[in-house]
Amino acid sequence: AALSKRSGGAVGGEWIDIVQHTSFVVLVIELLLRVLAEQRSFLECRWNWLDASIVLAGCVDEALTLNGIKVPGLSLVRIFRCYRLFRLLRVIQAFSALRELRRLIQMISGCVKTLFWSFFLLLFIMTAWAVLAVELIDPLVQELYDRGAWPDCERCRRSFSTVFMANITFFQTVVAGDSWG
């Protein structure tokens, strides 16, 4: 209901509601079947706690929506809606026919750790160069600015004035490729 309301009543909003309600019903049924099958051991798995909190938040959301109650600061329910997306990964795991897709998701999730450390290494190297730039390049930039080298550039004078600004300048030119001509 929230998605179709945000689309401004555009054509096709009804199917979003149908898919959303159907997936919620499937989640509720799956959780109930798991509670019946696992009984007391259901509470031992943290994923089950997450699933139960998602279903509970969904029930609250559905009850509020059906009664026409609008709570403007109910961001917790929105956060749990986002967690429902993670549930799709568990659905993919259940289907053996989607073996290639499951393998692709496993490979992507295996790269997340490497990407994090790559970003951290890039930040470290850029910060080391930024420190050098503040010490070596900033005096030259200040001198050139005083001579009138960049009359239309307001940012040029402070581009290497601090380590943070030097990092921003390096990120814009090296990583984002901004102002290369």
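Residues numbered from 1 in each chain as written. Predicted model: local features only at pLDDT ≥ 70, side-chain atom pairs only at ≥ 80, totals over all residues. Heavy atoms only, no water.

Asks: Even after reading the chapter, I still don't get the nonpolar core, so can you show me in this structure?
Replies: Soluble globular proteins tend to bury their nonpolar side chains together. Core analysis: the largest hydrophobic core is formed by 8 residues, namely Met-126, Ala-130, Ala-133, Val-134, Val-141, Phe-160, Ala-166 and Phe-170. Those elements that provide at least two residues to this core are α5 (99-136) and α7 (163-175). When residues in this core are grouped by element, the largest group, 4 residues, is from α5. Sequence-distant contacts of Ala-133, that is, excluding residues within four places in its chain, are made with Asp-138, Phe-160, Ala-166 and Phe-170. (Core = buried A, V, L, I, M, F, W, Y, C linked by side-chain atoms within 4.5 Å. Buried < 20%, exposed > 50% of the residue type's maximum accessible area, 1.4 Å probe, protein only. Helix = DSSP H or I, 4+ residues; strand = E, 2+ residues; numbered from the N terminus. Contact = heavy atoms within 4.5 Å.)

Asks: So what exactly am I meant to see when it comes to the side chain of Thr-169 here?
Replies: You can see Thr-169 is positioned in helix α7. For Thr-169, a relative accessible area of 10% puts it in the buried group. One polar contact links the side chain of Thr-169 to the main-chain carbonyl oxygen of Met-165, over a distance of 2.9 Å. Those residues in contact with Thr-169 that sit more than four places away from it in its chain are Arg-155, Ser-159 and Phe-160. (Polar contact = N/O pair within 3.5 Å; in protein donor to acceptor, adjacent residues only side chain to side chain.)

Asks: Mind showing me how you'd approach helix α3 (residues 46-66) here?
Replies: Each turn of an α-helix holds 3.6 residues, which means side chains three or four residues apart point in the same direction. Compared with the 30 Å implied by 1.5 Å per residue over 21 residues, the 30 Å span of α3 between its first and last C-alpha is a close match. Two residues or fewer past α3, Gly-68 is found with a positive phi of approximately 75 degrees. (Expected span 1.5 Å × (residues − 1).)

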